[in-house]
Amino acid sequence: MKIYLMTLMAVFCFQLSNAQEDKATIKEQKELLAQQKKMEKDRKKAEKALKAAEKEQKKAAKRLEKIHDADKKVEKIEQKIKNKTGDVKDLQKKMEKNKAKNKLTPEDEEKFHEKIAKREQEIQELNKDLQKAKEKRAKLK
């Protein structure tokens with residue numbers, strides 16, 4: 001009977017120690033699972049932050065491109081105004097040259113005045129466009 005009781009006691013102790021080991025193992029597994037969840041959450045946060053940074057970078061690049069395009073447009077209009085002003089001066093010189101040589105008929109003089117007036121009108125329109133382009137560029141900056 002003693003042997004039987006001792007055997008029962010040994011079995012009981014063995015089961016008790018296994019139960020304690022199982023509890024420790026379960027606790028470790030829960031801790032590992034919690035750490036994995038935290039790591040996954042941190043990884044998702046990092047990915048989200050990276051996407052946001054990339055989006056901001058694209059936005060900034062697009063804004064810089066718009067500013068650059070606005071600058072080009074202003075320069076282009078300024079160059080057109082310069083060219084038109086040069087055309088007006090050339091027409092006036094040509095008209096004065098022909099007038100000095102008495103080669104200018106009243107009809108020709110009227111044509112010159114019409115051409116000059118047309119170019120000056122174009123210059124005024126370009127100045128309006130230039131003003132609008134400068135305002136748009138100022139808004140972008």
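It should be emphasised that the depicted structure is a prediction, and the values quoted were computed from it without experimental measurement. (Residues numbered from 1 in each chain as written. Predicted model: local features only at pLDDT ≥ 70, side-chain atom pairs only at ≥ 80, totals over all residues. Heavy atoms only, no water.)

Trainee: Sorry, what's going on with the overall build of the chain here?
Mentor: Counting its secondary structure elements, the chain contains two helices and zero strands. Relative to its 141 residues, the chain shows a buried fraction of 12%. In the chain, of all internal contacts separated by at least 6 residues, the share reaching a separation of at least 24 is 80%. In the structure as shown, the chain presents an accessible area of about 12700 Å², 56% of it carried by carbon and sulfur atoms. (Helix = DSSP H or I, 4+ residues; strand = E, 2+ residues; numbered from the N terminus. Buried < 20%, exposed > 50% of the residue type's maximum accessible area, 1.4 Å probe, protein only. Contact = heavy atoms within 4.5 Å. Areas by Shrake-Rupley, 256 points an atom, 1.4 Å probe, with all protein chains shown as cover.)

Trainee: For this particular structure, what's the right way to read the nonpolar core?
Mentor: Generally speaking, a soluble globular protein has its nonpolar side chains buried in company with each other. Of all hydrophobic cores here, the largest spans 13 residues; its most connected members are I77, I81, F112 and L130. Counting only elements with at least two residues in this core, the list comes to α1 (2–100) and α2 (106–140). For I77, the residues in contact, after removing those within four places along its chain, are L126, D129, L130 and A133. (Core = buried A, V, L, I, M, F, W, Y, C linked by side-chain atoms within 4.5 Å.)

Trainee: I tried to follow the side chain of D71 on my own but got confused; where do I start?
Mentor: Summarising the element assignment, D71 is placed in helix α1. In this structure the side chain of D71 is engaged in a polar contact, spanning 3.4 Å, whose partner is the side chain of R137. Residues within four places of D71 in sequence aside, it is in contact with R137 and K141. (Polar contact = N/O pair within 3.5 Å; in protein donor to acceptor, adjacent residues only side chain to side chain.)

Trainee: Which parts of the structure should I look at to understand a positive patch on the surface?
Mentor: Together, K62, K66, K73, K76, K80 and K136 give the surface a local cluster of positive charge. Mapped onto the elements, K62 comes out in helix α1. For K62, a relative accessible area of 56% gives the class exposed. (Patch = residues over 30% accessible without salt bridge, like charges linked within 9 Å, V, L, I, M, F, W, Y side chains within 5 Å. Salt bridge = Lys/Arg side-chain N within 4 Å of Asp/Glu carboxyl O. Lys, Arg positive; Asp, Glu negative; His and termini not counted. Charge placed at Lys NZ, Arg CZ, Asp CG, Glu CD.)

Trainee: Looking at this structure, how should I read the environment of R137?
Mentor: Relative to the elements of secondary structure, R137 occurs in helix α2. Taking the C-alpha atoms as reference points, R137 and I67, separated by 70 residues in sequence, lie 6.3 Å from one another. Apart from the residues lying within four places of it in its own chain, the contact partners of R137 are A70, D71 and V74.

Trainee: How do you make sense of the pattern of salt bridges when you look at a structure like this?
Mentor: Two side chains bearing opposite charge may form a pair once their charged atoms approach each other closely. Scanning the entire structure with this criterion turns up seven salt bridges. For K134, the salt bridge goes to E78, with nearest N and O atoms at 3.9 Å. Of the two residues, K134 sits in helix α2 while E78 sits in helix α1, which places them 56 residues apart along the sequence. Through salt bridges that share partners, E40, R43 and E47 make up one connected network.

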